[in-house]
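For reference, the chains in residue letters:
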Amino acid sequence: MKTFTHYFLLSLVVIFASCQQNDLEADDPSGSLQDQEVYTLSIPAGFNFSTERKVTLNITDATPSVRYQVYGYSSTIGSEAENISDAFNNLMYSGEPYNGSVNFELSISNLYDKVYVSRNDGVESSFEITDISNNTINISSRSVNTNSSTHNGNRGRMTSESFYPGGTNMAHIAFEDLWPSQGDYDFNDLVISYRIVTHLDASNDVVSMDYEYDVTTIGAAYSSGFGIEFPFASNLYTVTGQRGAASGGETSANGSVVQFFDNANLYLDTPHTLTITFNTPQSSAVVDVAPYNPFLIVNGDTNYEVHLAGGLYTGTTQPTTFPGFAPSFAQANNDVNADYTVDAGVELNVPPLTDMGGMPWAINIAGTYVPPLPGEFMMKGHLKFLDWAQSEGLDFPDWFMDLSGYRDSNYLEAPVTPPSTVPYAPTIGTTVVGNGEASVPFTAPLDDGGSAITGYTATSSPGGFTGTLPQAGSGSITVSGLTNGTAYTFSVTATNAIGTSTSSAASNSVTPQAPAAVIGDLRDGGI
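Residues numbered from 1 in each chain as written. Predicted model: local features only at pLDDT ≥ 70, side-chain atom pairs only at ≥ 80, totals over all residues. Heavy atoms only, no water.

### Examining the pairing of strand E26 (residues 489-496)
At step 1: Among the eight residues of E26, six are classified as buried, and the element is accordingly described as predominantly covered.
At step 2: Both strand E23 (residues 453-461) and E26 contribute to a ladder of eight bridges, which runs antiparallel. For Thr459, the partnering residue across the bridge sits in E26 and is Ser491. (Buried < 20%, exposed > 50% of the residue type's maximum accessible area, 1.4 Å probe, protein only. Helix = DSSP H or I, 4+ residues; strand = E, 2+ residues; numbered from the N terminus. Pairing = 2+ DSSP bridges.)

Here you go:
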């Protein structure tokens, strides 16, 4: 919430600045931003400000124990080598086909026009770049092996994962909290950084979802909460990690609501994880995809919800006036049709933008985001934001990135670098044994904790025999000293300068054997 004094002072500043050339005009030789400040905006009706889209991943491959990793790939980064290098930061799916196929729904950034696909069948690895066509990713192997029995009977074992917005990247959701009265469009009243890790069973059904988040910015006086409406019923799952008085999911108009916290001020810059665990695994079609229907709960009033453009109110009757929380200046209903975008023709309280029709009160960014300083328009710090909005997302879909000519840091908060931590756990591969030893393959973790990984350790169970590998990337570790005839499983940890990760999942069980005795050649009198 902003005070009347704040708006009055800001008005004087803007009026004074309008009489002389400003830094933005000097840095924008095309004049496009200057024009946008002078003329009425033209945001197409119905534009939802989405930075992501839902796609369907189809994989056909009956090879036993084959594993796929699918990465978001943008062909606009640079050379193909540069595009591939960037893609490795954008892992969206890692898992195995079930009964020879995968059919899974993903939410991916609009920046990705292709995917980079890694396939490993335990014998060899292959890679390819595949188009996303009609929001569908089709991947097939020419393998003729139809024995998929090794994938059966493993329901409930978490073998696959999906990631939004990709890998260890974080998405951001930013709010204006004065709905239905217009705000000042600095989109910093509440900013949440988050990613969603979805855990799947061997059938590629959803077992649980980890919502890893951090309240990174609070630019308002209200003590606001945050929740998400999901499209599935509350009796399908349990919730752990809620903050405040809320407990579990609640039935809503369009599914169920999970309240994450009731007062953001208590949790600023304190990363946290909320987990939804399904009573029985659910298909991705039932669970659907991010960002779902997130909303701000203004000043503790659970009836007062601020949604993304086109979002749905979670109750039965949507209020339109909130006199208890109105700002000191007269509150107006600037969203008569209740679609969470400003009605056409509404003038901004502070010039020079004369019509804010179509602007939202909240926006989800499937990638990095640095909010504007308090009271500064989004378009002053993010110079391509209005070009993107007025083109219905066709121009500058990467408007939020730190590219040349895209930002004016004079109007943005200083980016925050999180402290380094231990790495995430590696991903275990399929172990192969020999005479008194085992080869334990693994995939490097998605996140090194901000400090380079210096090595990996594989440990046997039973026995606690270990092997090490002093490198940063994926590989295979040899563990020696095993007893032939004894069954073992193995786990792998990663180490950086901060410490050692948690262990990976246990490997498959293997039993080392001594080599078979060689029978003499009959021509030499052997038997």
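### Section: the pattern of salt bridges
At step 1: Within this structure, the stated rule accounts for seven salt bridges.
At step 2: Where Lys54 meets Asp288, a salt bridge forms, and the shortest distance between an N and an O atom there is 3.1 Å. Taken together, the residues Lys54 in strand E1 (residues 52-60) and Asp288 in the loop between helix H5 (284-287) and strand E17 (293-297) connect sequence positions 234 residues apart.
At step 3: The partner of Asp61 in a salt bridge is Arg119, and the shortest N-O contact between them spans 2.6 Å. Residue Asp61 is found in the loop between E1 and strand E2 (67-73), and its partner Arg119 is found in strand E5 (residues 114-120); the two are separated by 58 residues along the sequence.
At step 4: Taking relative accessible area as the criterion, Asp61 reaches 2% and is therefore assigned buried.
At step 5: On the basis of relative accessibility, which here comes to 11%, the residue Arg119 falls in the buried class.
At step 6: Residues joined by salt bridges that share partners form a network here, namely Lys54, Glu105 and Asp288. (Salt bridge = Lys/Arg side-chain N within 4 Å of Asp/Glu carboxyl O.)

### A word on the confidence of the model for the protein chain
At step 1: Looking at the protein chain, pLDDT values average 83 and 82% of them are 70 or higher.
At step 2: Low pLDDT, under 50, characterises residues 143-158; the predicted model gives this stretch 39 contacts beyond four residues in sequence or across chains. (pLDDT = per-residue confidence, 0-100. Contact = heavy atoms within 4.5 Å.)

### Structural notes on the sheet that holds E17
At step 1: Spatial strand order, E14-E15-E12-E17-E18: five strands in an open sheet with antiparallel pairing. Every other strand in the sheet has two partners, leaving strand E14 (250-252) and strand E18 (305-307) as the edge strands with one partner each. Each strand axis lies, on average, 35° off the axis of its neighbour in the sheet, ignoring direction.
At step 2: In terms of strand pairing, strand E12 (residues 225-230) meets E17 through five bridges, oriented antiparallel. (Axes fitted to C-alpha atoms, helices over the stretch in contact; angles between N-to-C directions.)

### Considerations on helix H4 (residues 80-87)
Quick reminder: α-helices carry 3.6 residues per turn. Residues three or four places apart thus point the same way.
At step 1: Listed as buried for H4 are Asn83, Ile84 and Ala87. Along the axis of H4, the buried positions cluster into a sector of 100°, meaning they face one direction only. (Arc of directions from axis to C-beta.)

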